[in-house]
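Here's the letter readout for the chains.
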Amino acid sequence: MTEQTLSQAENEAASALVRESLARRRVTRQFLADEARISLSTLEKALSGQRAFTLASIVRLEAALGISLRKPPRPADHDRVAGVAPVELGSYARQAVSWIEGQYLTLRTSFSRADTVYAYLTTISWNEEASHLDFVESERIDAAFTQSGRVSIPHQSGHVYLVTNELGQHRLIVVSRPTIEGDMVGLLTTLQVGKGTSLLPVATPIVLVPLRRLPGNISFGHIEAGHARYESYRAELSRAIDDGFAKLIER
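What comes next is a walk through the structure.

The rules behind each value
Residues numbered from 1 in each chain as written. Predicted model: local features only at pLDDT ≥ 70, side-chain atom pairs only at ≥ 80, totals over all residues. Heavy atoms only, no water. Pairing = 2+ DSSP bridges. Helix = DSSP H or I, 4+ residues; strand = E, 2+ residues; numbered from the N terminus. 1 Å grid on protein atoms, 1.4 Å probe; cavity = no way out; pocket = protein on both sides within 12 Å on 5 of 7 lines; lining within 4 Å. Points joined across faces, edges and corners; volume = space filled by probe spheres on them. Contact = heavy atoms within 4.5 Å. Expected span 1.5 Å × (residues − 1). Buried < 20%, exposed > 50% of the residue type's maximum accessible area, 1.4 Å probe, protein only.

### Describing the pairing of strand S8 (residues 199–210)
1) Next: As defined by bridge partners, strand S1 (residues 102–109) adjoins S8 across 5 bridges and the pair is classed as antiparallel. In the strand pairing of S8, Leu 105 is matched with Val 209.
2) Next: Pairing analysis gives 10 bridges linking strand S7 (residues 184–193) to S8, with the strands arranged antiparallel. The residue bridging Thr 190 from the neighbouring strand is Val 202, located in S8.

This is the structure in structure tokens:
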């Protein structure tokens, strides 16, 4: 058991923490090796990647440094309950949220054109492997900015969260639970492309309307004044603020 070694990824992570700790404390590798009661050769070879730390060495280094060099284990897949979302997404059961699955006409104000509604498609479906709801956008004319992510439905707030997290950069949609017609209404917070390469935080009302309740052909893209769908799309979008689903606070 004491000869068990770390994986390459675990060894690299532990080595980075050791080097950082040495720099912070301004002590030598020899001093640390003596404190941990391991050989300097063992420490040097592990830090250089020539040989991985053993579990016994890691335990001694942790004691000497007073820090953890190992990440806590993640819950094993077999510990998850099939058909139930993770705790961080609200622990919802699939049967309890099946009514939210489907395709939605998504409406928001255009960021680039005045008096224009931007319309695209959002599909919400169950991810069997990850055991939670996912969403993905399509029919966007700016395809490079198409979003996808996870759906959180906590019991406490009574709202639905569509969360995109790409390398730590978040986009968040907070909407009401479906109305009797199936609509979800709320706010989108995201980053808008500004001057040059700058990004500007923005928020705007957003409405997700189930396709099943929309008659006739659906129009996507920039819906401008004069378009056959403009007035109906604008009326749907205006509900977010006018009907009290969300509030924009100005000072």
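### Brief notes about the layout of surface pockets
1) Next: The volume enclosed by the largest pocket comes to roughly 610 Å³.
2) Next: Residue lining of the largest pocket: 25 residues in total, with Arg 140, Asp 142, Phe 145, Thr 190 and Leu 191 positioned closest to the centre.
3) Next: Among the elements of the structure, strand S5 (159–166), strand S6 (169–176) and S7 are those that each provide at least two residues to the lining of the largest pocket.
4) Next: For the lining of the largest pocket, the leading source of residues is S7, giving 5 residues.

### Re the environment of Ser 125
1) Next: With respect to the element layout, Ser 125 can be found in strand S2 (residues 116–127).
2) Next: Along the sequence, Ser 125 and Ile 100 sit 25 residues apart, while their C-alpha atoms lie 8.2 Å from each other.
3) Next: The residues contacting Ser 125, other than those within four sequence positions of it, are Glu 101, His 132, Leu 133 and Asp 134.

### A few points about helix H6 (residues 230–242)
Residues spaced three or four apart along an α-helix point in a common direction, a consequence of the helix completing one turn every 3.6 residues.
1) Next: Given a rise of 1.5 Å per residue, 13 residues ought to cover 18 Å, and the 18 Å separating the end C-alpha atoms of H6 matches this to within 8%.
2) Next: All of the buried residues in H6 are Tyr 230, Tyr 233, Glu 236, Leu 237, Arg 239 and Ala 240.
3) Next: Among the structural elements, S1, S2, S7, S8 and strand S9 (221–224) are those in contact with the buried residues of H6.
4) Next: Positive backbone phi, approximately 75°, marks Gly 244, located one or two places after H6.

### Digging into unusual backbone geometry
1) Next: Backbone geometry at Arg 26 places phi at a positive 55°, although glycine is not the residue there.
2) Next: Take Arg 26: it is sitting in the loop between helix H1 (8–25) and helix H2 (29–36).
3) Next: A relative accessible area of 79% places Arg 26 in the exposed class.
4) Next: With phi around 60°, Glu 139 is a residue other than glycine that occupies positive phi space.

Just geometry here; none of it tells us what the structure is for.
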